[in-house]
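One-letter residues, chain by chain:
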Amino acid sequence: MSAASNDRITLQGKNILLTGAAGGLGRQIAVTLARQGASLVLSGRDRAALTTLRDELGRSGSRAEIVVADLSRAEEAEGLVPRAEEALGPLDVVVSNAGIEIYAGYATHVRAELEATIGVNLLAPMLVVRSALPGMLERGSGRIVLVSSLSGKGPNPYGAAYAASKAGLVGLARSLRAEFHSRPVSFSVVCPSFITEASDGMYVRMQRAGLRAPRTFGTATATACADAVLDAVLTGRPEILVNSRPMRPLLALGELFPALSSRLLVWLGITSFFRSVAEQRGRG
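Think of each chain on its own: its residues are numbered from 1, step by step along the sequence as written. It should be noted that, the model being predicted, local features are given only for residues of pLDDT at least 70 and side-chain atom pairs only at 80 or more, the latter also being counted only at that level, while totals for whole chains, interfaces and linings use all residues. Water and hydrogen atoms were dropped before computing side-chain values, which therefore reflect all heavy atoms in the structure.

Enquirer: Help me get a handle on the sheet that holds strand S2 (residues 39–44), residues and values and all.
Expert: Overall, parallel pairing links the 7 strands, which are arranged S3-S2-S1-S4-S5-S6-S9 in an open sheet. On the outer flanks of this sheet lie strand S3 (64–68) and strand S9 (239–242), each paired with one strand and no other. Between one strand axis and the next, the sheet turns through 15° on average, direction left out of account. Pairing between two strands is assigned when DSSP locates at least 2 bridges connecting them. Secondary structure elements are defined from DSSP: runs of H or I of at least 4 residues count as helices, runs of E of at least 2 residues count as strands, and each element is numbered from the N terminus. Of the pairings in the sheet, the one linking strand S1 (residues 15–18) to strand S4 (residues 93–96) comprises 3 bridges and is parallel in character. From the neighbouring strand, leucine 17 faces S4, where its bridge partner is valine 94. Each axis is a line fitted through C-alpha atoms, and for a helix only the stretch in contact is used; angles between axes span 0 to 180 degrees, taken between their N-to-C directions.

Structure, rendered in structure tokens:
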């Protein structure tokens, strides 16, 4: 890799840690990165799913190792990078993809749900990145890619805890870019909309329950999300939004006129959609 964090790189022969690899989006990201010649450490909680993915990648000629970890446990998040490097070697790239989402009326959340959401979605990536950084800085190169969400860029009614955790990832990437702007490690954040094609994904489960987001909100395919992650890894681009519709004008409007945000969500039917999701789960 080049010493400049914003130079385009090649993944041939590079070592990548991918968290949340057992899920549908994680699988698509793994396949996309492996096609570029990368070797991967696949991390998640589901050993059987990880094994299936490892074997699939192996049949296509890619090297992959498994490190089972429960990122809701801080000690396992802290120990993930050393275990990954023991399995594969020094890491060139970390892709933090693991996450959970719980949609409910905020007042109905129990403490354990809030702790789990922040623990997996925000604290775990912070611990993993903190662990990976010293080695990358010493070796003179590295890429960090955080998979956030469009929920981290604007208000998310009935998903406040999820939005807070994903906004934290946006803030983390921005702050680390500023802190390490002259160092040879890049920090990128990818913010997808509702993801289709991921068999175990949140939006696919919503659709099975008969719920569909308003057309104005847009969606993102798992393939497009994986391609965005690849783009971030290759180029070090600071931030990539993944959605079938242009979102930056709407997000900018919300930043310029914060009081308008909640009205826009009501007008676009987004608030009522999320209310339906929460009610469908009995947590409205």
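Enquirer: Please set out the side chain of asparagine 97 residue by residue, giving values where relevant.
Expert: Looking at the secondary structure, you find asparagine 97 in the loop between S4 and helix H5 (111–139). Each residue is placed in one exposure class: buried if its accessible area under a 1.4 Å probe, protein chains only, is under 20% of its type's maximum, exposed if it is over 50%, and partly exposed if it falls in between. Given the relative accessible area of 11%, asparagine 97 is considered buried. A polar side-chain atom of asparagine 97 sits 3.1 Å from the main-chain carbonyl oxygen of glycine 20. Contact criterion: two residues are considered in contact whenever any of their non-hydrogen atoms come within 4.5 Å of each other. Setting aside its immediate chain neighbours within four residues, asparagine 97 contacts Leu18, Thr19, Gly20, Leu25, Gly26, Ile29 and Val147. Nitrogen and oxygen atoms within 3.5 Å of one another constitute a polar contact, given that in protein one can donate a hydrogen and the other can accept it, and given that sequence-neighbouring residues count only through two side-chain atoms.

Enquirer: Can you explain the packing of helix H1 (residues 24–34) against helix H2 (residues 47–59)? Please cite residues and give values.
Expert: The N-to-C vectors of H1 and H2 enclose an angle of 20°; their axes lie 11 Å apart at closest approach. Classified by the angle their axes make, H1 and H2 are roughly parallel. Considering the relative orientation of H1 and H2, their crossing is right-handed. On the side of H1, the interface is formed by Arg27, Ala30, Val31 and Ala34, while H2 contributes Leu53, Glu56 and Leu57. Under this grouping Gly is polar, as are all residues other than the nonpolar Ala, Val, Leu, Ile, Met, Phe, Trp, Tyr, Cys and Pro and the charged Asp, Glu, Lys and Arg. For the contact of H1 with H2, the per-class residue count stands at 5 nonpolar, no polar and 2 charged. For classification, angles of less than 35 degrees are called roughly parallel, those exceeding 145 degrees roughly antiparallel, those between 65 and 115 degrees roughly perpendicular, and all remaining angles oblique. The crossing is said to be left-handed when, going from far helix to near helix, the turn is anticlockwise and less than a right angle, and right-handed when the turn is clockwise.

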